[in-house]
Amino acid sequence: MSRETERRKLSHIEVTLRKEVQSRRGTGFEDVHLIHKALPEIDKKEVDLTSRIFEYELRAPIILESMTGGTPSAARINAILAEVAEDLQIAIGVGSQRAAVENPRLAYTYKIVRKKAPTAMVFANLGCAQLTKGYGKEEVQRAIDMVDANALMVHLNPLQESVQLEGETNFRGSLNKIREIAHEVDIPVIVKETGAGISREVARAIEATGVDGIDVAGAGGTSWAAVEYHRAREIRNRTRVRLGKTFWSWGIPTAASLIEVVKSTGLTVIASGGIRNGLHVAKAIALGAKAAGIALPALRSAAMGRRSLDEMLSLMFEELRTAMFLTGSRDPSELTRAPLVITGELYQWLEQRGVSIQEYARRTVS
Ligand SMILES: Cc1cc2nc3c(=O)[nH]c(=O)nc-3n(C[C@H](O)[C@H](O)[C@H](O)COP(=O)(O)O)c2cc1C
């Protein structure tokens, strides 16, 4: 069983590095327009990206999202991601720790993250499917201790589990299990999707379990239907190929999901799914996210080496700083009050879903 998990982890890395795995629909951020301030009345040099998630300070509101672990090549990638997270003092997640909970021999592929990032904010990660299958406090605590985590992410991936051959599709009792875990662990718990987004109805149900945050991980970036499509082709499984193709772009676009969750809960919200530049990060913060997460571009850069990841992130920082300057925002909390307009499909989406965007419309250029 654990050998199979190990093989699957490796195949996920290989497919996501080499194949086209992104949604064919947008994130919705293309319909979000920050209002330009021709008189910013600040010096761009004063712009401070420092942010907070719970009590943790980040030098910029950016998270290297939960991705990998469980194989030697994942350990190499995790080492690079963690070194950079430590250097830049941004947050970092590890991939699902199921592999190491089942086989402690693989724990080093995750532990490397805490070793290389002794002071950065680190997220542990487990799948909801594992919780409902019987993981209890003991397994969860093992995952947390493995990386000395500051918070735990519990991921929801019903799309992937549906398309994947080995998928575990029993999600019965998930909310109860999440509630149990939220009360048992003594660090913040965040429920995250994995690229198909979270609706306001699901967000409210999640909030009622007592967790602390939601990472929307919406559609518009990495598509797990696409990843599993490529894997299904390799083994010539026609049903899985067909499912992967049909559901390639399934999900709630990231910006829509973000607004739905921000407007309907009081939770700490993280935006991920198709975050590809610093302007996306700026828009996410302006819409109410505490931070934005990047997965695929971080993986691809880290696979090329530390310099490549450093460069990608410093460009993102500069884009974010520029967007903040152009909206006259000295820090992320000012950016959360920046005026913006929502147009096109995103506007229609929110209108049909009855999500009020009045608050955004009331903001004015001060
Ligand atoms: C190779 C790879 C592995 C991933 N593994 C996990 C995982 O184990 N747990 C999890 O919560 N999310 C996982 N994700 C999902 C990401 O955390 C993220 O939610 C999603 O990829 C959307 O972000 P992106 O468009 O920037 O890639 C993985 C993503 C990638 C690309």
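Here, the structure is the one placed above.
Residues numbered from 1 in each chain as written. Predicted model: local features only at pLDDT ≥ 70, side-chain atom pairs only at ≥ 80, totals over all residues. Heavy atoms only, no water.

Undergrad: Please provide a residue-by-residue account of the side chain of Arg200, values included.
TA: Relative to the elements of secondary structure, Arg200 occurs in helix α9 (residues 200-207). Apart from residues no more than four positions distant in its own chain, Arg200 is found in contact with Glu260, Ser264, Arg353, Gly354 and Val355. (Helix = DSSP H or I, 4+ residues; strand = E, 2+ residues; numbered from the N terminus. Contact = heavy atoms within 4.5 Å.)

Undergrad: How would you sum up unusual backbone geometry? Please name residues and give values.
TA: With a phi angle near 55 degrees, Glu41 is a residue other than glycine that sits in the positive phi range. Position of Glu41 among the secondary structure elements: in the loop between β1 (32-34) and β2 (51-53). Overall, Glu41 belongs to the exposed group, its relative accessible area being 67%. The backbone of Gln89 sits at a positive phi, close to 55 degrees, despite the residue not being glycine. By the element assignment, Gln89 lies in the loop between α2 (72-88) and β5 (91-93). (Buried < 20%, exposed > 50% of the residue type's maximum accessible area, 1.4 Å probe, protein only.)

Undergrad: Would you mind going over the site of the ligand in detail, with residue names and values included?
TA: Around the ligand, the surrounding shell holds 24 residues, and the nearest of these are Ser66, Ser96, Thr222, Gly274 and Arg276. Note that an oxygen atom of the ligand is positioned 2.9 Å from one of the side-chain N or O atoms of Asn125. Taking Gly274, its main chain carries an N or O atom lying 2.9 Å from an oxygen atom of the ligand. Out of a free accessible area of 600 Å², the ligand has 97% covered by protein chains. Along the lines of polarity and charge, the residues of the shell around the ligand split into eight nonpolar, 12 polar and four charged. (Near = heavy atom within 4 Å. Polar contact = N/O pair within 3.5 Å; in protein donor to acceptor, adjacent residues only side chain to side chain. Areas by Shrake-Rupley, 256 points an atom, 1.4 Å probe, with all protein chains shown as cover. Nonpolar A, V, L, I, M, F, W, Y, C, P; charged D, E, K, R; others polar.)

Undergrad: With reference to specific residues and values, describe the nonpolar core.
TA: The biggest cluster of nonpolar side chains holds 98 residues, and the ones touching the most others in it are Leu64, Ile90, Leu258, Ile259, Leu287, Leu313 and Ile342. Setting aside chain neighbours within four positions, we find Ile342 in contact with Asp31, Ile259, Leu287, Tyr347, Leu350, Ile357 and Tyr360. In terms of nonpolar packing, the next biggest core, distinct from the first, is built from 11 residues, Ile53, Ala151, Ile190 and Ile270 among them. (Core = buried A, V, L, I, M, F, W, Y, C linked by side-chain atoms within 4.5 Å.)

Undergrad: Now, about the sheet that holds strand β10 (residues 268-272): what can you tell me, with residues and values included?
TA: The eight strands are arranged β4-β5-β6-β7-β8-β9-β10-β11 in a closed barrel whose pairing can be described as parallel. Pairs of neighbouring strands in the sheet enclose a mean axial angle of 25 degrees, with direction left out of account. Note: strand β4 (residues 62-64) against β5, two bridges, orientation parallel. Within the sheet, the bridge partner assigned to Leu64 lies in β5 and is Ile92. (Pairing = 2+ DSSP bridges. Axes fitted to C-alpha atoms, helices over the stretch in contact; angles between N-to-C directions.)

Undergrad: Help me get a handle on the pairing of β10, residues and values and all.
TA: When you tally the buried positions in β10, you get five out of five residues, the bulk of the element. Burial of β10 is two-sided: the residues Thr268, Ile270 and Ser272 facing one way and the residues Val269 and Ala271 facing the other way are all buried. Both strand β9 (residues 213-215) and β10 contribute to a ladder of three bridges, which runs parallel. Across the sheet, residue Gly213 finds its bridge partner in β10, namely Thr268. One ladder, built from three bridges, connects β10 with strand β11 (residues 291-294); its direction is parallel. Paired with Ser272 across the two strands is Gly293, which belongs to β11.

Scope: geometric values only; no functional claims are made or implied.
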